[in-house]
Amino acid sequence: MDVIDLARAFVLERHPDARAAFLGGSVLTDRRTARSDLDVVVLLDGPPAPYRESLRYGDWPVELFVHTEESWHGFVTPEIALRNSPLLWMCADGALLLDADGTGARLAGTARRLAETGPPPVTGTAIEDARYALTDLLDDFAACTDAGERLFVVAELVRRTGELALLTHNTWLGGGKWLARRLEPVAPGLPARLAEAAGAALNGAPDALTSLVTEVLDAAGGPFWEGYRRSGPRERS
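Keep in mind the model is a prediction, meaning the values are calculated, not measured.

Enquirer: Would you mind going over the pairing of strand β3 (residues 51–57) with me for this structure?
Expert: Side-chain positions along a regular strand alternate between the two faces of the sheet. Taken together, the seven bridges between β3 and strand β4 (residues 60–67) define a ladder with antiparallel strand orientation. The residue of β4 that forms the bridge with R52 is F65. Counting the residues in the hairpin turn of β3 and β4 gives two residues, including G58, whose phi is positive at 65°.

Take a look at the structure:
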């Protein structure tokens, strides 16, 4: 059975009263693998929405996200502020499985408009925070002699370097594999370069990773540590 037909059958079996449903994620792309799951968003009128569940449908793993239209916006709005909304993209780029009353078409249009508009403008504070974190990590990396500690410092360096590159380009962030997928269009070759440099670093050759992280830092304004200051919340009298 075609994957879209399969996902539609799942929705009709699980939520026959659905107003709309979407299938998103890698399963619709040429990046699909034998382990790809079905990312399914379902819109209901009310309870049991909202909820999410991981389950199997036949041989397929399914990540199910069930919302009302109101709860969908309630989740997406703060995610946009954080520059990373998987739920938004599942509806913006996904396949519309069913649309009982026009909700699906309307929500798909809203999702595409929000995705195309992009995240809120990146602030100088966010860039400074990212520069500070990377500068501090580079210092830890330079002094690291423990193999176990080095593993986690390198992993954090790679993640934060990718995020700073995305902030510098004022584009969407991503987690896991989606960090690499967001990076490639705005910084071609950077994910592969980070992978190669990280591998070398874990095998005792740190220079390439240090150089690459510094390159990304320089594009964002350079290393930043001395003079970094943030105020905490003030007590109310």
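Enquirer: Got a minute to help me understand the nonpolar core in this structure?
Expert: The tendency in soluble globular proteins is for nonpolar side chains to be buried as a group. Formed by 28 residues in total, the largest nonpolar core has its most connected members in F141, L157, L164, L190, L209 and V213. Counting residues per element, the ones that place at least two in this core are α5 (124–143), α6 (147–168), α7 (177–186), α8 (190–202) and α9 (207–219). The leading source of residues in this core is α6, at seven residues. Look past the residues within four positions of V213 in its chain and what remains in contact with it is L134, L138, L157 and T161. Grouped together as the second largest cluster of nonpolar side chains are 21 residues, A7, A21, L38 and L98 included.

Enquirer: Explain the pairing of strand β2 (residues 38–43) to me, please; I cannot follow it from the model alone.
Expert: Here β2 lies mainly inside the structure; six of its six residues are buried. Burial along β2 is two-sided: L38, V40 and V42 facing one way and D39, V41 and L43 facing the other are all buried. Pairing analysis gives five bridges linking strand β1 (residues 20–24) to β2, with the strands arranged antiparallel. Bridge assignment links L23 to a residue of β2, and that residue is V40. Pairing of β2 with β4, which is carried by six bridges, proceeds in the parallel orientation. Following the sheet pairing, L43 is matched in β4 by H67.

Enquirer: Help me understand the packing of α8 against α9, please; the structure alone is not making it clear to me.
Expert: Describing two packed helices takes the angle between their axes plus the distance from one axis to the other. Close contact between α8 and α9 brings their axes to 8 Å; oriented N to C, the two are set at 145°. When α8 is examined against α9, the residues L190, R193, L194, A197, A198 and A201 are found in contact with a partner set consisting of A208, L209, L212, E215 and V216. In the contact of α8 with α9, the residues fall into nine nonpolar, no polar and two charged.

Enquirer: How should the pattern of salt bridges be read in this particular structure?
Expert: Note on pairing: side chains with opposite charge can pair once their charged atoms come close. Counted under the stated rule, the structure contains 13 salt bridges. For the salt bridge of E63 with R52, the shortest nitrogen-to-oxygen distance reads 2.9 Å. Taken together, the residues E63 in strand β4 and R52 in strand β3 connect sequence positions eleven residues apart. Between D129 and R230 there is a salt bridge, with the nearest N and O atoms lying 3.0 Å from each other. Here D129, found in helix α5, pairs with R230, found in the segment after α9; they are 101 residues apart in sequence, far enough to count as distant. Here the salt bridges do not stand alone but share partners, grouping R19, D45, E69, D101 and R106 into one network.

Each value, and the rule that gives it
- Residues numbered from 1 in each chain as written.
- Predicted model: local features only at pLDDT ≥ 70, side-chain atom pairs only at ≥ 80, totals over all residues.
- Heavy atoms only, no water.
- Pairing = 2+ DSSP bridges.
- Helix = DSSP H or I, 4+ residues; strand = E, 2+ residues; numbered from the N terminus.
- Core = buried A, V, L, I, M, F, W, Y, C linked by side-chain atoms within 4.5 Å.
- Buried < 20%, exposed > 50% of the residue type's maximum accessible area, 1.4 Å probe, protein only.
- Contact = heavy atoms within 4.5 Å.
- Axes fitted to C-alpha atoms, helices over the stretch in contact; angles between N-to-C directions.
- Nonpolar A, V, L, I, M, F, W, Y, C, P; charged D, E, K, R; others polar.
- Salt bridge = Lys/Arg side-chain N within 4 Å of Asp/Glu carboxyl O.

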